[in-house]
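Examining the three-dimensional arrangement
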Amino acid sequence: MISLKKWNDLAAWAVFAISLITYVVTMEQTASFWDCGEFIACAFKLQVPHPPGAPLFLLIGRLFALLALGDVMKVAYWVNMVSVLSSAFTIFFLFKTISLLAWKLIGKKPGEGNVADVWLVSGAAVVGALAYAWSDSFWFSAVEAEVYGLSSFFTAIVIWAVFKWEAIEDPAAGNRWLILTAYLVGLSIGVHLLNLVTIPALALVYYFKKYPKPGFFGASIAFLAGLLILGIINAGIIPGLPELAGKFEIFFVNSLGLPYNTGIAFFTILFLGGLVQGIRYSHRTGRALLNTGLLSLAFILIGYASFALVLVRSGYNTPINENNPSDVLRFVYYLKREQYESRPLLYGPSFVSRPVSQKRGAPVYAKKDGKYVLIDYKPVYEYEPGSNMLLPRMYSSQPGHPQLYQQMTGVAEGQKPTMRHNLSYLFSHQLGHMYWRYFLWNFVGRESDREGAGTLLPWQTSQSFPKSIGLNRGHNNFLMLPFLLGIAGIVYMYYHRRKDLLVLGFLFVLTGVALVIYLNSPPSEPRERDYIYVGSFYIFCVWIGFGVMATAKFLEKVIHKPALRAGMAGLACFSVPAVMVAKGWDNHDRADRYQSVDFARNILNSCAPNAILFTGGDNDTFPLWYVQEVEGFRTDVRVCVQTFLGADWYISQLKRKINQSDALPLSLDSGNYQLGKNEYLPFYEIASVKGGINLKEYLELIRQDNKAIQVPLTSGDMTSILPSSTLFLPVDTREVGKMNIVKSDLLPYLADSMSWKIGETDLLKGDLVMLDIISSNNWKRPVYFSSTMGSSHNLGLQEYLQLEGYAYRLLPVRVPGASDGYVNTDIMYDNMMNKMYWREMNNPKVYYDDTYRGSPVVTARLSFLRLAQQLIAENKIDKARKVVDKAMGVMPDDTIPYDQVSAGFIGALFDVGENQKALDSARAMAVRSDENLSWIKEKEGSRSRDVNTDLFILQSIVRECRRAKQDKDADRFEAIFKKHLLAFHIYGG
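To start, this report covers the structure provided alongside it. Remember, it's a predicted structure, so these values are computed and weren't measured experimentally. (Residues numbered from 1 in each chain as written. Predicted model: local features only at pLDDT ≥ 70, side-chain atom pairs only at ≥ 80, totals over all residues. Heavy atoms only, no water.)

**Some details on the pattern of salt bridges**
The line we're drawing: Salt bridges, as used here, are contacts in which a Lys or Arg side-chain nitrogen is within 4 Å of a carboxyl oxygen on Asp or Glu. Starting at the N terminus, helices and strands are each numbered in turn, a helix being any DSSP run of H or I of at least four residues and a strand any DSSP run of E of at least two. Any residue under 20% of the maximum accessible area for its type is buried, any over 50% is exposed, and the rest in between are partly exposed; the area is computed with a 1.4 Å probe on protein chains only.
Under the criterion given, the structure shown has 49 salt bridges. For K45, the salt bridge goes to E629, with nearest N and O atoms at 3.1 Å. Within this pair, whereas K45 is found in helix α2 (residues 36-45), its partner E629 is found in helix α26 (residues 618-629), the two being separated by 584 residues in sequence. K45 sits in the partly exposed class, given a relative accessible area of 30%. By relative accessible area, E629 is classed as buried at 5%. Taken together, the shared-partner salt bridges connect E28, E144, R590, R593 and D849 into one network.

**A look at the sheet that holds strand β10 (residues 693-694)**
As a reminder, the rule being used: Any two strands with at least two DSSP bridges between them are considered paired.
Read across the sheet, 3 strands follow the order β10-β13-β14 without closing on themselves; strand pairing throughout is mixed. Two strands bound the open sheet, and with one partner strand each, they are β10 and β14 (753-757). Alignment of strand β13 (residues 726-730) against β14, held across 5 bridges, turns out to be antiparallel. When the sheet's bridge partners are listed, T726 is paired in β14 with K757.

**Regarding helix α34 (residues 855-873)**
This is how the line gets drawn: In this scheme, a helix's expected span is set at 1.5 Å multiplied by one less than its residue total.
With 19 residues, α34 should cover 27 Å at 1.5 Å per step; its first-to-last C-alpha distance of 26 Å lies within 8% of that length. Positive phi appears at N875, one or two residues downstream of α34, with a value of about 65 degrees.

**Re a nonpolar patch on the surface**
Rule in force here: Residues form patches when they are more than 30% accessible in relative terms and have no salt bridge. Like charges link within 9 Å. Nonpolar side chains (Val, Leu, Ile, Met, Phe, Trp, Tyr) link within 5 Å. A 1.4 Å probe and the Shrake-Rupley method give the accessible areas. Residues count as covered only by the protein chains that appear here.
A cluster of nonpolar side chains, L345, L346, Y347, L390, M419, L423, F427 and Y518, forms an exposed patch at the surface whose accessible area comes to about 840 Å². Top element by residues in the nonpolar patch is helix α17 (residues 419-443). It accounts for 3 residues. Here F427 lies in helix α17. Taking the relative accessible area as the measure of exposure, F427 reaches 53% and is therefore exposed.

See the structure below:
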């Protein structure tokens, strides 16, 4: 006979199994977009990802990667499995935590309960745990190789361990649980720092147990003590200890003349020796609290020691080695994430503040000739008097951000934001849009999977939206059931266990609202950030579980048998997670989705052998890193990340061979590229070179620090400048001719010099590196710009760029008027038709979210369209028809809905004689745009981006139908277009 307690344990493992099966079935088989490609590549070869790193995640990922048994195509699957397994265990420990708290609500110990109690506790734990398992944000992170699944696991096990400690009466046994908790916290640092924010609330658990008659003052002291512990770990241990070790190192090396690492060794021995002596002293004198505290510190440090991986692997200079944290000084820079923009928290400037002076901050050192040489100081900016404000929320002066602040808060041009504007932005955008919207996504409903999608309320049916939203797989209406059940759980807990409600309430706030205030998000982000706040959603799911107990209490007057009442409450409330999984399955099922990896393959296959490829942001670079570092695909291509090109550590990496790619040619030496040197070169026109300056000579002047191209800064230092808006580069036409890289009909455009207008703008160090590579390469290696970067990142070289697929090749051939490059149909046709990958893109059963429908699809369709249009211009109609058929075949409307780029294919279809296909496509797009605009009009034009997209599509359809003499259809489409144009003119759209 299985005991009642065993039934609860079996239920916990059943919930674990259900979650595990859910995540295994819906998991992506390869590397997803965003950070996943980077993490998989770094786990596979134990490399160094973006700061502050996730060494424990990488170590575990490496172990899982071994399960691929040498099949590199399976590595991503097994590293994804780290998130799958840790997420399933998160649900297991959530079940355990709800059970522990539920027994306290009942007022019994687990061994004292009867059948009704066990059913009630188990029912509450099952409903709460599965609600979290199938919640939108957590499920998203559970099926990809990101750190958030493993981070959630540590949050779950730490919360469970603290409540488990609370239930233990023997102090000696209880202290072991505290030490275990400290070790888990230390380990979690090697995954993500989000786990640390739970510490202040968990300090209340300690206080409530140790002081049976708690008061407000005591609880406040306990909470503040928890904040102090959080501060000690976050600032004192994580960066603080390495920073202190760095000071010892500089003193021992520079002042005492000892070898490198002597100071670090001395500090380590001194610190650990002191800690060991403290533990021995506390044990010998019987000071249990001190002993437990010091042992907890020791175990936090043991867990934190996973960061040794960063130092060790960086020392080997792996292909991915971000920030090169190979010594203690660079390691501190890495841990502090100093490469990213700092965000003011309590007091600082606003977006209209202007710096009036710059002071020297902390010194920056570099290794040289056995010493640490001072190379620069971190800048500390001082702003004009009165420009700083309390709780600065609107601080970012990044391009586009000031305009967004003004739109959101009504700040007039040139006006200084007031505290009213500040708080308006805090509550409307940071708390409203960037937190409560996400909360409602998970427990009320989500409008769609589009960027910026709103919430979906119970009374909003699919029929009240256009089909593009109503049939969107991310259109999930939970009828507010999870939210209402969670509120019922909060009310029930208020009347039965207020101390635990206070703890959970603080956990909810710290992992939600408090995190929003701490992160101080700018007005726009590259992606939705709901995954950051899953800790608060976790706590709300605990309350959802207690909603089962509230339901059972409500049923007391109707159902008098306790066991039946508990069973009915559990069954009724199980409808909540059931609705969540039924609605959420289709937009979390990533099976058979490969385009993130195929997108990277297509970029690489757009390049000639041994190419140099300049790329942009994360979704360009990380998939490329994955396919090269894991799958070994096209490792002859050197990927140059434009974001990193200005960093000294990355420039050093460019100068060495990586995989099959030789070192890149650079004429400037390390001194010219060291930190603080040539960070930016202001435009300052010199009359003698106004007509243009030879790029090679210009670079030589920079290398020499020649005074002829230098001006003084306000600090008194000298800096090199950009003396002309025009650059020219000599071309050896005979050598270029021998290379056979210029198409025969473009040879008339080949000249002995290429000249282009770079613009009257300041050069950044990354721009200087690109120019150096182009100049020093002498056309020996093909140089490409990824087409995803946009024309603003190609240094004004548009007319010298030849489109060959997903990338533009730089050639010494200028085609006048080619504002977006020119197409080489021979090369591009072969690349697009024979060398590209489109796995499952035409499968309507496969789910493609907003990220996949964005850059990958737009890039593909635009490339096909450019190729088809050029073939038509060259009167190669048969080839053009094949291109158009291919484009619409691999990305059909029923899988990847036609977008603004697709409108261009209507004209191409007319041009190749496919009139019926053109009209069918036009009608499908026009109907969709008409529906969208009619719906948006009811919202008073609040979605201007969508308005402009659909108006552009309608306008394009009308234009192409007129050009093809399809006047009857053109009239019908034009009537739709004019109707909406007039409407949105009235509404200000």
